[in-house]
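Chain by chain, the residues:
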Amino acid sequence: MGFELLNIGGRVEKVNGKNLTYAEFAERFLSKNKPVLLTGLMVDWRASKDWVLDDGRPNLPFFSSHFGDSKVQVADCSSREFSDQRRTELLVSEFIDHWVSVQDDDSDHKPSNEFGCKSPLYLKDWHFKKEYQDYIAYTTPLFFSDDWLNMYLDKFRMHTDPDYQEKDEIVCSDYRFVYMGAKGTWTPLHADVFRSYSWSANVCGKKLWYLLPPSQSHLVFDRNMKTSVYDILEETDQVKFPGFKEAIWLECTQAQGEIIFVPSGWYHQVHNLEDTISINHNWFNAYNLCWVWDLLLRDYKEAKEYIEDIKDICDDFEGLCQRNLAANTGMNYQDFFIFMVRLSFGNLVLLYQLVKENETSGELSMHKGRQIILNLESARDIAMKMMKAGSPGLLVNFKETIEDPTFVRLCLDLERIYLMIHEPRREQTTEDLTRDLVDLDLLDSSAFVGSPEDLANLIYKGLRKLTK
Ligand SMILES: O=C(O)CCC(=O)C(=O)O
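Residues numbered from 1 in each chain as written. Predicted model: local features only at pLDDT ≥ 70, side-chain atom pairs only at ≥ 80, totals over all residues.

Asker: Describe the overall build of the protein chain, and please don't skip the residues or the numbers.
Answerer: Across its full length, the protein chain holds 15 helices and 16 strands. Within the protein chain, the proportion of its 468 residues that are buried is 38%. Contacts in the protein chain between residues far apart in sequence, at least 24 positions, make up 80% of those at least 6 positions apart. (Helix = DSSP H or I, 4+ residues; strand = E, 2+ residues; numbered from the N terminus. Buried ≥ 20, exposed ≤ 12 C-beta atoms within 10 Å, placed from the backbone. Contact = placed C-beta atoms within 7 Å.)

Structural data, given as structure tokens:
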């Protein structure tokens, strides 16, 4: 192991989540893209009771009896497949049986798993919340609740490809996961999907995290910036990865009941130091939307470069680039554009609603107002970046969109979240919003948004009209 070569520059700050307001969290961690370990936020979780034995170990029989029929992704931690571990599908009951049998067998003749080797298996990316909606295992802490990604995916699909409907259904339904693995299981070095934020809560067990700030991510790549180091604790080929030894890592030991916030673009490697169950979500919002677009642009350029040599013989070269982009990244330009349009419309509706409310009641919700303006400014900035990159749009009718019941649900969710974050004591009402949507006179009711430029203009006009 090349462990001694790792340069550890510090530890992740630990903060009691009970003494932190949302505004402080946003200012200190979301906007600065800085990791933090939060304590005190999981005490009431059903998972913390049902899933853990009195001695702190995972309650494995509970999983077999309650969720045994669920089909899950299981990684073989000793076997590499490209930049990840080799995965297979098992029933939860099969996974638990394997775990228990390895645990019970203290001889050297441990049973082989279905890969034909004796390595520990790691259950990953289990869409638990989606699958067991009536079993409320946990509530998302307030700090992580402004989650545009999962809020959107609860109502719309990010990408629809007629050829891959079935696969999308399972894999892309949401980004809320449960992980379960015995001591010694681990996750190789990576940065998260879409360059989203993530949070990971230890229901039981202990994890060791190594984190690298985005300013240093080039150091873990090869000379061509194509592949990154797989396991930072293994001897690293210094010719292939010349910068690796310069990297300065943050280390974090995460105990039971602690939640780590992993910011956008931070490379990280994770080891389970004990038998561990964790819950984690990936998400993005106004603070890190730029990371998502930057990744999409980079991946687009890469997808294009990859097939450049068939450009002249290809009927629809751009279409192929976008299909490959969606297959590799999980969305393409149009998917992201329509996502941006819906979220921008939603925020305009909320701002309109706030202004109306202020006119009638005289009460102005400053925090909520500031939040919505920040959201819209962020969306406008991204729309302008998309415009510069020549990203195509898609014709979207403003009036039709805001009258779509699914879109109304998106607005209601946004409204509920900002009330919860910024005005926790205020009673939640939803009727006004639905009524007001119908008479939204922000724009000419026939207005279409057909390009990132239109979107930037719409947001600009909306902000000017509603905040003057
Ligand atoms: O807990 C793990 O093994 C990996 C989790 C992770 O990488 C993440 O939440 O981004």
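This is not the end of the story, as more comes after the structure.
Asker: Describe the site of the ligand, and please don't skip the residues or the numbers.
Answerer: Inspection of the region around the ligand gives Tyr 179, Thr 187, Asp 192, Ser 198, Ser 200, Lys 207, Val 262, His 268, Val 270, Ser 278 and Asn 280 as its neighbouring residues. The class makeup of the residues in the shell around the ligand is three nonpolar, six polar and two charged. (Near = placed C-beta within 6 Å. Nonpolar A, V, L, I, M, F, W, Y, C, P; charged D, E, K, R; others polar.)

Asker: Give a description of the environment of Phe 339 that names residues and reports values.
Answerer: Looking at the element boundaries, Phe 339 is found in helix H10 (residues 333–361). Taking the C-alpha atoms as reference points, Phe 339 and Leu 153, 186 residues apart in sequence, are found 9.9 Å from one another. Beyond its immediate sequence surroundings of up to four residues, Phe 339 is in contact with Tyr 152 and Met 158.

Asker: Go over the sheet that holds strand S14 (residues 276–283) with me, naming the residues and quoting the values.
Answerer: Spatially, the nine strands line up as an open sheet ordered S2-S3-S12-S9-S14-S7-S6-S4-S5, and their pairing is mixed. In this open sheet, the two strands that pair with only one neighbour each are strand S2 (14–16) and strand S5 (84–91). Between one strand and the next, the sheet's axes are offset by a mean angle of 25°, whatever the strand orientation. Helix-sheet contacts for helix H4 (residues 92–104) involve strand S4 (71–81), S5 and strand S6 (121–126), and the interaxial angle to S5 is about 110°. (Pairing = 2+ DSSP bridges. Axes fitted to C-alpha atoms, helices over the stretch in contact; angles between N-to-C directions.)

Asker: Break down the pairing of strand S13 (residues 267–272) for me, with residues and values.
Answerer: When you tally the buried positions in S13, you get five out of six residues, the bulk of the element. Pairing of strand S8 (residues 186–190) with S13, which is carried by three bridges, proceeds in the antiparallel orientation. Of the residues in S13, the one forming a bridge with Thr 187 is Val 270. With six bridges connecting them, strand S10 (residues 207–212) and S13 associate as antiparallel partners. Within the sheet, the bridge partner assigned to Lys 207 lies in S13 and is Asn 272.

Asker: Describe the pairing of strand S7 (residues 176–181), listing the residues and the values that go with them.
Answerer: Burial analysis of S7 places six of its six residues in the buried class, which makes it a mostly covered element. Of the two faces of S7, both are covered, the one formed by Arg 176, Val 178 and Met 180 as well as the one formed by Phe 177, Tyr 179 and Gly 181. Across three bridges, S6 lies against S7 in antiparallel orientation. Looking across to S7, one finds that Leu 123 is bridged to Met 180.

Asker: Can you tell me about H4, naming the residues and giving the values?
Answerer: The end-to-end C-alpha distance of H4 is 18 Å, a good match for the 18 Å that 13 residues give at a rise of 1.5 Å each. Among the residues of H4, those classed as buried are Val 92, Phe 95, Ile 96 and Trp 99. Looking down the long axis of H4, one finds its buried residues gathered within 95° of arc, a one-sided arrangement. Across from the buried face of H4, at angles greater than 90 degrees, the exposed residues are Ser 101 and Asp 104. (Expected span 1.5 Å × (residues − 1). Arc of directions from axis to C-beta.)

Asker: How would you explain the packing of helix H8 (residues 289–306) against helix H11 (residues 366–388) if you had to name every residue and give the values?
Answerer: At a minimum axis separation of 10 Å, H8 and H11 run at an interaxial angle of 15°. Between H8 and H11, the crossing angle belongs to the class labelled roughly parallel. Of the two elements, H8 crosses H11, and the hand of that crossing is right-handed. Listed contacts from H11 to Leu 289, Cys 290 and Trp 293 of H8 are Ser 378, Ile 382, Lys 385 and Met 386. Looking at the contact of H8 with H11 residue by residue, the class counts come to five nonpolar, one polar and one charged. (Parallel < 35°, antiparallel > 145°, perpendicular 65-115°, else oblique. Left-handed = near helix turned anticlockwise from the far one by under 90°.)

Asker: Account for unusual backbone geometry, naming residues and giving values.
Answerer: Even without being glycine, Asn 33 reaches a positive phi, approximately 55°. With respect to the helices and strands, Asn 33 occurs in the loop between helix H1 (22–30) and strand S3 (36–39). Phi at Asp 125 takes a positive value of approximately 55°, unusual for a residue other than glycine. Along the chain, Asp 125 falls in strand S6. For Asp 125, a count of 18 C-beta atoms within 10 Å puts it in the partly exposed group.

Asker: Go over the nonpolar core, please, and point to the residues and values.
Answerer: Formed by 116 residues in total, the largest nonpolar core has its most connected members in Phe 95 and Met 340. When residues of this core are assigned to their parent elements, the largest contribution, 15 residues, is made by H10. Viewed by domain, this core spans two of them, domain 1 (3–283) and domain 2 (289–467), each represented by three or more residues. Once residues within four sequence positions are removed from consideration, Met 340 is found in contact with Ala 379, Ile 382, Ala 383 and Leu 455. (Core = buried A, V, L, I, M, F, W, Y, C linked by C-beta atoms within 7 Å. Domains from an automatic or database assignment.)

Asker: Kindly report on the sheet that holds strand S11 (residues 248–254), identifying the contributing residues and their values.
Answerer: Overall, mixed pairing links the five strands, which are arranged S1-S11-S10-S13-S8 in an open sheet. Pairing within the sheet leaves two strands with one partner each, and these edge strands are strand S1 (7–11) and S8. Averaged over all neighbouring strand pairs, the angle between strand axes comes to 25°, with direction disregarded.

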